[in-house]
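# Descriptive structure summary
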Amino acid sequence: MDVIGAALVSIAFHGTAYAMILYVISVGLSVTMGLMGFANLAHGVFAMFGGYVTVTLMNALGLPFGLALAAAFVAVGAASVVVERTLYARLYGAGELEQVLFTIGLIFMSIATAHFFWGPLSQRVLVPAEISGQIDLGFRSVPAYRVFLIASGFAIFAVLWLGLERTRFGAQIRAAVDNRRMAQSIGINTGRLFTVTFALGSGLAGLGGGLGAEILAIQPGYAIQHLDYFLIGVAVGGLGSIRGPCVAAMALGIGDTATKYLVPEIGAFFIYAATLGLLLWRPAGLFGRA
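Bear in mind the structure is a predicted one, so any value in this text is a computation, not a measurement. (Residues numbered from 1 in each chain as written. Predicted model: local features only at pLDDT ≥ 70, side-chain atom pairs only at ≥ 80, totals over all residues. Heavy atoms only, no water.)

## Let's talk about the packing of aromatic side chains
The condition is simple: Each Phe, Tyr or Trp ring (for Trp, its six-membered ring) is paired with any other whose centre lies within 6.5 Å, and the angle between the two planes then decides the class: stacked below 30 degrees, edge-to-face above 60, tilted in between. The buried label goes to any residue with under 20% of its type's maximum accessible area, the exposed label to any with over 50%, and the partly exposed label to all in between, with areas taken from a 1.4 Å probe on protein chains only. Note on conventions: DSSP H or I runs of at least 4 residues are helices, E runs of at least 2 residues are strands, and numbering of each starts at the N terminus.
Counted under the stated rule, the structure contains 17 aromatic pairs. Taking the centre distance of 5.1 Å and the plane angle of 90 degrees together, the rings of Phe116 and Phe117 count as edge-to-face. There is no split in this pair, since Phe116 and Phe117 are both exposed. An angle of 65 degrees between the planes, with centres 6.4 Å apart, marks the rings of Tyr229 and Tyr272 as edge-to-face. Of the two residues, Tyr229 sits in helix H10 (residues 227-237) while Tyr272 sits in helix H12 (residues 269-281), which places them 43 residues apart along the sequence.

## Topic: helix H4 (residues 96-118)
Defined as follows: Multiplying one less than the number of residues by 1.5 Å gives the expected span of a helix. Here a residue-residue contact requires only that any non-hydrogen atoms of the pair lie within 4.5 Å.
With 23 residues, H4 extends 32 Å between its outermost C-alpha atoms, agreeing within 8% with the 33 Å of an ideal straight helix rising 1.5 Å per residue. Along H4, the residues classified as buried are Gln99, Phe102, Thr103, Leu106, Ile107, Ser110 and Ala114. Packed against the buried residues of H4 are helix H2 (43-61), helix H9 (222-225) and H10. Where H4 terminates, the next one or two residues include Gly119, which has phi positive at roughly 85 degrees.

## Here we look at empty space enclosed by the protein
Quick reminder of the rule: A pocket here means an open set of points on a 1 Å grid, computed over the protein atoms alone, that has protein on both sides within 12 Å along at least five of seven lines. A cavity is instead a set of points where a 1.4 Å probe fits but cannot get out; residues with an atom within 4 Å of a point line either one. Grid points are joined across faces, edges and corners, and a volume is the space filled by probe spheres set on the points. Residues are sorted three ways: Asp, Glu, Lys and Arg are charged, Ala, Val, Leu, Ile, Met, Phe, Trp, Tyr, Cys and Pro are nonpolar, and all the rest, Gly among them, are polar.
Under the counting rule described, the total for this entry stands at one cavity of 30 Å³ or more. Approximately 30 Å³ is the volume found for the largest cavity. Taken together, Met20, Ile21, Val24, Leu149, Gly153, Gly208 and Leu211 make up the lining of the largest cavity. Of all the elements in the fold, those that place two or more residues in the lining of the largest cavity are helix H1 (3-36), helix H5 (144-166) and helix H8 (190-211). A class-by-class count of the residues in the lining of the largest cavity yields five nonpolar, two polar and no charged.

Dropping the structure here:
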């Protein structure tokens, strides 16, 4: 394989692995924002604490990687129910400015909390031997953990798509996203639906934080450092969509990897410019409803 071909394969491969992390974290935000109409900028906080839970359980208690990820999903989802009922629910009727200021405040509180309990340094995740090292594809070798991330991301996408399209719970979510008042009028308990969906979306963020801890290092500033990319994935994909954030994450992950590899001097400028142009063309995103 020539140098150009090898570079393109590397960009596509590593960009897709990065995209899967962005997707798992941002898809929950897409659904909850589309359902609740709540400007939740603190979604990355759940991803950060999911990463901390995963790393702590593995390093301090010696739990296997799979169990630590499952525990992070459950723990973050359960904690988010308390946060949603005690804090978020009080601002559902507030304006966007109040919601933004509130969730920004939560981010800075999370930074202080993480700094107090885990310190200022990044936490190191110990990748299991089974998914570490290299996989020989014949024409080149690729990191096994990146392959695991890609497979996990697409598996989660398939489960979420089937869950939203083939179950009664998914039908209720789609109905509430399309017309909340009509959903309430036919007997859907939107309050309970909000809580369950928020827990699922937050749990997925926690799972994504644990899965991606090797690429997106877990440290106190995590929630604000990656906030822009989480929001780009949701805005470009469209609110309330499962497919949209996946397409947006793929474009974002591969595009960001390509620009940093090919033209590092402009950094992420191309990503922001492309996002601006796309949202001027389609303000509701690629798969959102105008």
